[in-house]
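Close look at the chain arrangement
Spelled out from the first residue to the last, the chains are:
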Amino acid sequence: MEPEHETAYADYVEQSWPSLVRAAVFLGARPDEAEDLAQTTLVRCYTAWERVSAVDNRDAYVYRMLLNCLRDTRRTRWWKDRQYDAPDAVERPTTERGGDAAERVAVADAVHRALGTLTKPNRDVVVLRYFVQLSEKQTAEALGVPAGTVKSRLSRALAHLAANDHLLDLSGGTK
């Protein structure tokens, strides 16, 4: 790779790493799996950097790569045979701020559980639109669907989330 492409790639990795990991978590990966997925995605970006940097919508292209990496790992025999760790068994980060950290963990857990109740296509749309903050057009490109499909999936997903018990508990709302 040429030095100027190497620098552009390094800058992109630094900028996109946190959002790729966060997106992978919200797409259903555990934090350690999310880091592996982000790393695999960025390795694939490196090997095809000239093509990746030349596309009109690089973020949508890279998130499509992330989704493909996620699907690839879920197809492997290892994934099917792995031991599932219950959410309570996963270590939670602790901070010195006590209640604030507990509240952040509770909110993150509620959002994660609520997203888990969505169908895979609807969860993909919600994560890419709201957590990754791609536009409708970028989300459609990343998922390989028309923009109208993104809108309808998003509408159904938001209606489902609005009635979700996990999120209602946080807001103090009622059905």
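Here the structure is shown first, and the text comes after it.
To start, this report covers the structure provided alongside it. (Residues numbered from 1 in each chain as written. Predicted model: local features only at pLDDT ≥ 70, side-chain atom pairs only at ≥ 80, totals over all residues. Heavy atoms only, no water.)

Bringing the pattern of salt bridges into the picture now. A complete count under the given rule lists 6 salt bridges for this structure. In this structure, the salt-bridge partner of arginine 30 is aspartate 32, at a minimum N-O distance of 3.8 Å. Owing to a relative accessible area of 45%, aspartate 32 belongs among the partly exposed residues under this scheme. The shortest N-O distance in the salt bridge between arginine 44 and aspartate 72 comes to 3.0 Å. Of this pair, arginine 44 sits in helix H2 (residues 31-47) while aspartate 72 sits in helix H4 (residues 58-75), and the two are 28 residues apart along the sequence. (Salt bridge = Lys/Arg side-chain N within 4 Å of Asp/Glu carboxyl O. Buried < 20%, exposed > 50% of the residue type's maximum accessible area, 1.4 Å probe, protein only. Helix = DSSP H or I, 4+ residues; strand = E, 2+ residues; numbered from the N terminus.)

Under the 1.5 Å per step criterion, the end-to-end length of helix H1 (residues 3-26) is 34 Å for 24 residues, consistent within 8% with the ideal 34 Å. Its maximal kink placed at serine 16, H1 deviates by approximately 45 degrees, while the proline proline 18 follows within four residues. Tyr9, Tyr12, Ser16, Ser19, Leu20, Val21, Ala23, Ala24 and Phe26 are the residues of H1 that are buried. One or two steps after H1, the chain reaches glycine 28, where phi turns positive at roughly 120 degrees. (Expected span 1.5 Å × (residues − 1). Bend = angle between axes of the 7 residues up to and from the residue.)

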